[in-house]
Amino acid sequence: MIHANRWYAAATAAEISTQPTEHVICGRPLVLYRAASSGKLVALENRCPHRQAPLSMGTVVGDDIMCIYHGWVMNGAGQCVHVPHQDSVAPSVRVDAYPAVQKWGLVWLWIGDADKVDETLIPDMPWTEDANQSSVFIRFHVGANYQLMADNLLDVSHSDFLHASTFGSHAGRKAETEHVKAELDAWSEDGAVYGLRTLRDVVLSPMAAAWAGTDKPVTRTHKTCWTPPNNINIELIMENDENKVTIHHDHLMTPENETSCHYFLIWTRDFSVHSGYPTDEDVRREQSTVIGTEDISMVEAQQRNKIQFGDPADIPGAADKIVVAVHKRIAELQNEDQGLSAT
Ligand code: FES
Ligand SMILES: [Fe+2]
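Just so you know, these numbers come straight off a predicted model, no measurement behind them.

Asker: Help me understand the sheet that holds strand β9 (residues 97–98), please; the structure alone is not making it clear to me.
Answerer: Consider a sheet: its strands pair through backbone hydrogen bonds, and that pairing is either parallel or antiparallel. Read across the sheet, four strands follow the order β2-β3-β4-β9 without closing on themselves; strand pairing throughout is antiparallel. Because the sheet does not close on itself, it has two edges, and the strands there are β2 (21–25) and β9. The pairing of strand β4 (residues 41–45) with β9 spans two bridges and is antiparallel. Across the sheet, the residue bridging to A43 is Y98, located in β9.

If you want it as structure tokens, here you go:
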């Protein structure tokens, strides 16, 4: 489901330049570019009104975009403002334009009514601009419905199994000495869903222990906040009497189509910011590898199975409190928002 009148992350700010690029966002094929003179972001339907050539194959001229096929020119509002060898252009010659803004290092697109644009609905991520913290931006393409990817991120319990040898911890295993029991709570407030999961005196997996800078057991706390349409912030705190580190994970899922999505991760640490381990490059390499090979491989396999088995209903466990609370909130929004369809 696509929520009406919400912002969707479409690209990292660094990706968008005066070289037009094509993107499929919420089922809509779009061209994005940065106006050459003003630097303003432009998002248009990726088609020329003349004979449907992709505008992403064209060229930015000033603040406008020129179709490569026969030179028709569209402005940032999607209006055709020039047809070669023609004195005037009818106002009806145009394509749809989408409001686009840059904030927190990302490009956000408004999917909904142009007269309801509200920048306060972009989630707050002030840590991405804090000089005492360092943020790494990573974009993934996932061959699965965005909600499967979101559910993976709302379900922290998989860390102790899927990521047992990388950045998880050792808790919850049957017939092992590592039987730390999670304390878990989830609640809704002001349209958002919050979760709190704590593991006490838990042994960390090697990668997490290296971040925490300790070999001793820690208290590992996950504070989760979900806001619509698919914004998840997880503040991970690992602490013991030797050290304390905090990592903000911002996970933003944007539907591409029904069975694929864009996943933007911003990983912000408050330790080793200027020197030591991990560097930004360490973070980029580790997160790209682990999420790509462990999480995304799993989510894409789930997607294939859902198709093969005719989409059977899930059976939530006690650890799924946050997932269940978010699904409940999404069902409420479906009525309130009169959700738009992705296809
Ligand atoms: S198709 Fe774009 S100018 Fe002809
Ligand atoms: Fe994971």
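Asker: Got a minute to help me understand the pattern of salt bridges in this structure?
Answerer: Proximity of charged atoms lets side chains of opposite charge pair with each other. Applying the stated criterion across every chain yields a total of 13 salt bridges. Residue D311 is joined to K306 by a salt bridge in which the shortest nitrogen-to-oxygen separation is 3.0 Å. Given a relative accessible area of 48%, D311 falls into the partly exposed group. Since its relative accessible area comes to 25%, K306 is described here as partly exposed. One continuous salt-bridge network, built from bridges that share partners, spans K216, D241 and E242.

Asker: I tried to follow the pairing of strand β18 (residues 244–257) on my own but got confused; where do I start?
Answerer: Two faces make up the sheet, and in a regular strand the side chains alternate between them. Among the 14 residues that make up β18, twelve are buried, leaving the element largely enclosed by the rest of the structure. In terms of strand pairing, strand β17 (residues 231–239) meets β18 through nine bridges, oriented antiparallel. Looking at β18, one finds that E239 is bridged to K244. In this structure, the hairpin formed by β17 and β18 is closed by a connection of four residues. For β18 and strand β19 (residues 260–269), the ladder comprises ten bridges, and the chain directions are antiparallel. By the bridge assignment for β19, H251 is matched with L265. Between β18 and β19, which pair antiparallel in sequence order, lie two residues.

Asker: Can you walk me through the packing of aromatic side chains in this structure?
Answerer: Aromatic ring pairs are reported here in terms of the distance separating the ring centres and the angle at which the planes meet. One pass over the full model with this rule turns up four aromatic pairs. Ring geometry for W187 versus Y194: centroids 5.9 Å apart, planes at 20°, classification stacked. Between W211 and W267 the ring centres are 5.0 Å apart and the planes differ by 65°, which places this aromatic pair in the edge-to-face class. Taken together, the residues W211 in helix α2 (residues 206–212) and W267 in strand β19 connect sequence positions 56 residues apart. W211 sits in the buried class, given a relative accessible area of 4%. Using a relative accessible area of 0% as the deciding quantity, one classes W267 as buried. The positively charged end of R51 is found above the aromatic ring belonging to Y69, 6.0 Å away from the centroid.

Asker: Help me understand the coordination of the iron ion (ligand 2) in this model?
Answerer: When four donors bind a metal tetrahedrally, each ideal donor-metal-donor angle is 109.5 degrees, and when six bind octahedrally, the ideal angles are 90 or 180 degrees. For the iron ion (ligand 2), the protein coordination sphere consists of H158 (NE2), H163 (NE2), D295 (OD) and D295 (OD), at 2.0 to 2.7 Å. Around the iron ion (ligand 2), the four donor atoms are arranged such that angles at the metal cover 52 to 144°; this shape is classified as irregular. Of note, the iron ion (ligand 2) draws all its donor residues from one chain, in the sequence arrangement H-x4-H-x131-D. With H158 in the loop between α1 (146–154) and β13 (169–170) and D295 in helix α3 (residues 280–308), this residue pair connects regions lying 137 residues apart in the sequence. Assigned by exposure class, H158 and D295 land together as buried.

Rules and cut-offs
- Residues numbered from 1 in each chain as written.
- Chains lettered and ligands numbered in written order.
- Predicted model: local features only at pLDDT ≥ 70, side-chain atom pairs only at ≥ 80, totals over all residues.
- Heavy atoms only, no water.
- Pairing = 2+ DSSP bridges.
- Helix = DSSP H or I, 4+ residues; strand = E, 2+ residues; numbered from the N terminus.
- Salt bridge = Lys/Arg side-chain N within 4 Å of Asp/Glu carboxyl O.
- Buried < 20%, exposed > 50% of the residue type's maximum accessible area, 1.4 Å probe, protein only.
- Phe/Tyr/Trp six-rings, centres within 6.5 Å; stacked < 30°, edge-to-face > 60°.
- Lys NZ or Arg CZ within 6 Å of the ring centre and 35° of its normal.
- Donors = N, O, S within 2.8 Å, 3.2 Å for Na, K, Ca; no water.
- Tetrahedral: all angles 85-135°; square planar, octahedral: opposite > 155°, others 65-115°.

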